[in-house]
Amino acid sequence: MHEFVVMPDHIHLLLTPSGEVSLEKAVQFIKGGYSHRLRRVEKIQVWQESFTNHRIRDAEDYERHCEYVRLNPVRAGLVQGAASYPFSSAGAGVRLDAMPRGLKPGFFSGALRGA
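Reading the values: the criteria
- Residues numbered from 1 in each chain as written.
- Predicted model: local features only at pLDDT ≥ 70, side-chain atom pairs only at ≥ 80, totals over all residues.
- Heavy atoms only, no water.
- Phe/Tyr/Trp six-rings, centres within 6.5 Å; stacked < 30°, edge-to-face > 60°.
- Buried < 20%, exposed > 50% of the residue type's maximum accessible area, 1.4 Å probe, protein only.
- Lys NZ or Arg CZ within 6 Å of the ring centre and 35° of its normal.
- Salt bridge = Lys/Arg side-chain N within 4 Å of Asp/Glu carboxyl O.
- Helix = DSSP H or I, 4+ residues; strand = E, 2+ residues; numbered from the N terminus.

A. Region of interest: the packing of aromatic side chains. The final tally for this structure, using the stated rule, is one aromatic pair. Measuring from ring centre to ring centre gives 5.6 Å for Y85 and F87, while their planes differ by 80°; the resulting arrangement is edge-to-face. Under the relative-accessibility criterion, Y85 is labelled buried at 8%. The ring of Y68 has R75 lying over it, and the distance from NZ or CZ to the ring centre is 4.3 Å.

Following this line, the structure appears as structure tokens:
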């Protein structure tokens, strides 16, 4: 996990799945784990059926998407500064994976929008 933000009605993730787990399976684990715990309390459907992904092309594209994720709560008017939003990787104390090395064709890193 490189960046994340949990918004009131959607999430954004920037992640690199392991070589053994596809992006689709990683999203299934995230959505399924949360839904399973939520169903103990509420009987609602919380996720849309699909997600949007974007293949990171290079270091500039990676940085652009990191900033997009971090600033989402600011653009939505929820906070003045990204670091003050408690449900994101922009705040202090969150341990994230470093930028993947070798961002070049054939290397996959996915940015999920509206999962």
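So that's the structure; there's more coming.
B. A look at the pattern of salt bridges. Per the counting criterion, the structure on display carries three salt bridges. Close ionic contact of D61 with R57 constitutes a salt bridge, the shortest N to O distance being 3.5 Å. Among the residues examined, D61 registers a relative accessible area of 1% and is labelled buried. For R57, a relative accessible area of 47% translates into the label partly exposed. A salt bridge links D61 to R64; its shortest N-O distance comes to 3.2 Å. Here the residue D61 and the residue R64 both occupy positions in helix α2 (residues 59-75), the gap between them amounting to three residues, near one helical turn.

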